[in-house]
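What follows is the residue order along each chain.
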Amino acid sequence: MTSSQDLAASEAEKNIVKAKAAPPEVRHARAPVSADSLKHRELRDGEWWRRLYPDVGEEEFLSHVWQMRNSAYGEEKLVDLIQGIAPDDFIEDLKKGFHLVPMAVRVTPYLLGLIDWDNPWEDPIRRQFIPLASQLYPDHPMLTLDSLHEQKDAPVEGLTHRYQDKALFLVMDTCPVYCRFCTRSYAIGVDTDTVEKVNLRVDPKRWEKAFEYIESRPELEDIVISGGDTYNLPAKHVRAIGERLLNMKNIRRIRFATKGIAVMPMKVLSDDKWLDAITDVLNLGRKLHKEVCIHTHFNTPNEITEITRRAMNVLFERGMTVRNQCVLQNGVNDSAETMTLLTKRLSEINVQPYYVYQHDMVQGVEDLRTTVQANIDIEKMVRGVTAGFNTAVHVVDAPGGGGKRDVHSFDYYNRETGVSVYTAPSVKPGAFFLYFDPLRELSDEIQAAWMDPKKQKEMCDQAIAETMRLRQNR
Ligand code: SF4
């Protein structure tokens, strides 16, 4: 080899080495994400409850019996607990708030420990459970106590049959917590200064009438067992109700509704009887080729901790599908950022986001409602951040019993008067269902108009007439 050939050969060798060493060129279709966008994986851990419960260790805190016994039920217990921790003016504010709302107050230590007591006014968990006089607004004149007409659509007490193949079975009227925004404030919890409740207590005789009705209607295939909250249902009743329904020829699907996983996840870790009962119902369903699942109710990412992950891991290992129904609330989760974090965090712990509800038109919680437009805007931002099956459908549960309608599917929406009109041809053909944006979001002039019964009627009539005109022009 000549020296020039040597040189060429060694250059060629170098190039081969270079080619081997150079990593293959990676094409990035999207810019790399910031660490912040992965915070859905970081769940609160450690003994964060110690500020409120300094003497309570992990074993005690993880006991559902301890949680139930130490829930703040009523004004006195709550005030005693937070005295010296929460600001004094906050405590005065809540003492007044307690007497102005339709729901009794009951909050678990799990949730109380998660509240930011340095700024409880803005805390998203506090807003959902503890009313403050300073934050309440007068009700919109179109608000009612049973805005979804659940009682009107009930052929048997505690059984609402609205959709053709599905019924809502209200087996009891208590819950481990009482949510301010509850759509069933007409029945749930004890009487308050403003509402005398309908009685839906645990009562196998009442349930029997519901079972007979369900059996008599061959079109019914899907039963939601709710309340109240099935977390509060003793294991023997979980098993009995589940077995009774699954053994009906017409029933294909049952869902147990419980907010419990969001407000007291330790029950799944410590109440073996309840867990075994619901697992047995799930296994019976499997054997009969029928679906059994849990529908739960997380509203903010702050409610999800490492304890929740542990509880969900147990349910997941047992094969239970858990879906989430969330209520859009002002100051709680009404931003794309919060709803995105909630969506991703639910997926992280194997809970499927199912629905995000427009806040129902119930009394006493006007501060928590948002406009329909806010809901539409948030949905647009959240859709696409993760897989479609892990993205909730945003709905309005049409006031007056139209059932759930996709929030975008209004027939007419007057953003000035705040009236949106929905129709539900397969639920109640020919009917119009009106939703009303909160007054505080409307102009002073329109707010004043809503105080005048004659103008109220005119605004409603205008919305319906416009809906009909738009239809004719289609
Ligand atoms: S857990 Fe459900 S039924 Fe009970 S108060 Fe809350 S929203 Fe109402």
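Model, not experiment: these values are computed from the prediction.

1. Overview of the overall build of the protein
Here comes step 1: In terms of regular secondary structure, the protein is built from 17 helices and 14 strands.
Here comes step 2: Expressed along its principal axes, the backbone C-alpha trace of the protein runs to roughly 105 × 60 × 60 Å.
Here comes step 3: Counting the 474 residues in the protein, one finds 54% classified as buried.
Here comes step 4: A separation of at least 24 residues holds for 76% of the contacts in the protein among residues at least 6 apart in sequence.
Here comes step 5: By element, 51% of the accessible surface of the protein is carried by carbon and sulfur atoms, the whole surface being about 21700 Å².

2. Thoughts on the sheet that holds strand E13 (residues 419–423)
Here comes step 1: The sheet built from 3 strands is open, its strands ordered E12-E13-E14 with antiparallel pairing. The strands lining the two open edges of the sheet, one partner per strand, are strand E12 (412–414) and strand E14 (432–436). For this sheet, the mean angle separating the axes of adjacent strands, direction not counted, is 20°.
Here comes step 2: Pairing analysis gives 3 bridges linking E12 to E13, with the strands arranged antiparallel. The residue of E13 that forms the bridge with Asn414 is Val419.

3. Concerning the site of the ligand
Here comes step 1: Lining the immediate environment of the ligand, one finds Met103, Cys175, Val177, Tyr178, Cys179, Cys182, Ile188, Gly228 and Lys259.
Here comes step 2: For the shell around the ligand, the class distribution of residues is 7 nonpolar, 1 polar and 1 charged.

4. As for the nonpolar core
Here comes step 1: Core analysis: the biggest nonpolar cluster contains 100 residues, and Phe61, Leu112, Ile130 and Ile254 have the highest contact counts within it.
Here comes step 2: For this core, the leading source of residues is helix H12 (residues 272–287), giving 7 residues.
Here comes step 3: Taken together, domain 1 (52–135) and domain 2 (159–408) each give at least three residues to this core, which thus spans both.
Here comes step 4: Those residues in contact with Ile254, other than ones at most four positions away along the chain, are Ile223, Ile225, Gly242, Leu245, Leu246, Val281, Glu291, Val292 and Cys293.

5. Details of the packing of helix H4 (residues 75–82) against helix H5 (residues 88–97)
Here comes step 1: Two elements in contact, H4 and H5, have axes separated by 11 Å at closest approach and are oriented at 175°. By the angle class used here, H4 and H5 are roughly antiparallel. When H4 is examined against H5, the residues Glu75, Leu78, Val79 and Ile82 are found in contact with a partner set consisting of Phe90, Ile91, Leu94 and Lys95.
Here comes step 2: Among the residues making up the contact of H4 with H5, the classes are represented as 6 nonpolar, no polar and 2 charged.

6. Quick notes on the packing of aromatic side chains
Here comes step 1: Evaluation of the coordinates by the stated rule reveals 17 aromatic pairs.
Here comes step 2: Look at Trp48 and Tyr110: their rings are 5.5 Å apart centre to centre, the planes differ by 75°, and that puts the pair in the edge-to-face class. Residue Trp48 is found in the loop between helix H1 (3–21) and helix H2 (58–61), and its partner Tyr110 is found in helix H6 (residues 109–114); the two are separated by 62 residues along the sequence.
Here comes step 3: Judged by its relative accessible area of 10%, Trp48 falls in the buried class.
Here comes step 4: Ring geometry for Tyr231 versus Trp274: centroids 5.2 Å apart, planes at 70°, classification edge-to-face. Here Tyr231, found in the loop between strand E5 (222–226) and helix H9 (235–246), pairs with Trp274, found in helix H12; they are 43 residues apart in sequence, far enough to count as distant. Summarising the burial analysis for this pair, Tyr231 and Trp274 share the class buried.
Here comes step 5: Three or more aromatic residues link up through ring pairs in this structure, and these residues are Trp48, Trp49, Tyr53, Phe61, Trp66 and Tyr110.
Here comes step 6: Stacked on the ring of Tyr73, the Lys or Arg Arg106 has its end atom at 4.6 Å from the ring centre.
Here comes step 7: The ring centre of Tyr231 lies 5.5 Å from the NZ or CZ of Lys267, which sits over that ring.

7. Regarding H4
Here comes step 1: Leu78, Val79 and Ile82 are the residues of H4 that are buried. Viewed end-on, H4 has its buried residues packed into an arc of 95°, placing them on one side of the element. Turned more than 90 degrees from where H4 packs its buried face, Glu76 and Asp80 sit exposed.
Here comes step 2: Just downstream of H4, Gly84 is the residue with a positive phi angle, here 85°.

8. A closer look at the pattern of salt bridges
Pairing between side chains becomes possible if they bear opposite charge and their charged atoms approach one another.
Here comes step 1: For the coordinates displayed, the defined rule picks out 31 salt bridges.
Here comes step 2: A salt bridge links Glu219 to Arg217; the nearest nitrogen and oxygen atoms lie 2.7 Å apart.
Here comes step 3: By relative accessible area, Arg217 is classed as partly exposed at 30%.
Here comes step 4: The network of salt bridges with common partners includes Asp165, Glu221, Asp222, Arg253 and Arg255.

9. Topic: the domain arrangement of the protein
Here comes step 1: Split into domains, the protein comes out as domain 1 (52–135), domain 2 (159–408) and domain 3 (410–474).
Here comes step 2: Using only C-alpha atoms to locate each centre, domain 2 and domain 3 end up separated by 29 Å.
Here comes step 3: When domain 2 packs against domain 3, close to 1700 Å² is buried across both sides, 56% of that on carbon and sulfur atoms.
Here comes step 4: Linking domain 2 with domain 3 are 13 residue pairs in polar contact (both at pLDDT 80 or more), by the criterion used here.
Here comes step 5: Looking at the side of domain 2 that touches domain 3 element by element, the count peaks at 3 residues for helix H15 (residues 372–382).
Here comes step 6: Of the residues that constitute the side of domain 2 that touches domain 3, the class distribution is 8 nonpolar, 10 polar and 6 charged.

10. Section: the sheet that holds strand E8 (residues 321–327)
Here comes step 1: Read from one edge to the other, the open sheet built from 9 strands follows the order E3-E4-E5-E6-E7-E8-E9-E10-E11, with strand pairing classed as mixed. A strand with exactly one partner marks an edge of an open sheet, and here the two such strands are strand E3 (159–161) and strand E11 (403–406). Averaged over all pairs of adjacent strands, the angle between their axes in this sheet comes to 30°, without regard to strand direction.
Here comes step 2: The pairing of strand E7 (residues 291–296) with E8 spans 4 bridges and is classified as parallel. Bridge pairing in E8 links His295 to Arg323.
Here comes step 3: Relative to the sheet, helix H14 (residues 336–348) contacts E8 and strand E9 (352–357), its axis offset from that of E9 by approximately 150°.

Conventions and cut-offs
- Residues numbered from 1 in each chain as written.
- Predicted model: local features only at pLDDT ≥ 70, side-chain atom pairs only at ≥ 80, totals over all residues.
- Heavy atoms only, no water.
- Helix = DSSP H or I, 4+ residues; strand = E, 2+ residues; numbered from the N terminus.
- Buried < 20%, exposed > 50% of the residue type's maximum accessible area, 1.4 Å probe, protein only.
- Contact = heavy atoms within 4.5 Å.
- Areas by Shrake-Rupley, 256 points an atom, 1.4 Å probe, with all protein chains shown as cover.
- Pairing = 2+ DSSP bridges.
- Axes fitted to C-alpha atoms, helices over the stretch in contact; angles between N-to-C directions.
- Near = heavy atom within 4 Å.
- Nonpolar A, V, L, I, M, F, W, Y, C, P; charged D, E, K, R; others polar.
- Core = buried A, V, L, I, M, F, W, Y, C linked by side-chain atoms within 4.5 Å.
- Domains from an automatic or database assignment.
- Parallel < 35°, antiparallel > 145°, perpendicular 65-115°, else oblique.
- Phe/Tyr/Trp six-rings, centres within 6.5 Å; stacked < 30°, edge-to-face > 60°.
- Lys NZ or Arg CZ within 6 Å of the ring centre and 35° of its normal.
- Arc of directions from axis to C-beta.
- Salt bridge = Lys/Arg side-chain N within 4 Å of Asp/Glu carboxyl O.
- Buried area = accessible area lost by both parts, 1.4 Å probe.
- Polar contact = N/O pair within 3.5 Å; in protein donor to acceptor, adjacent residues only side chain to side chain.

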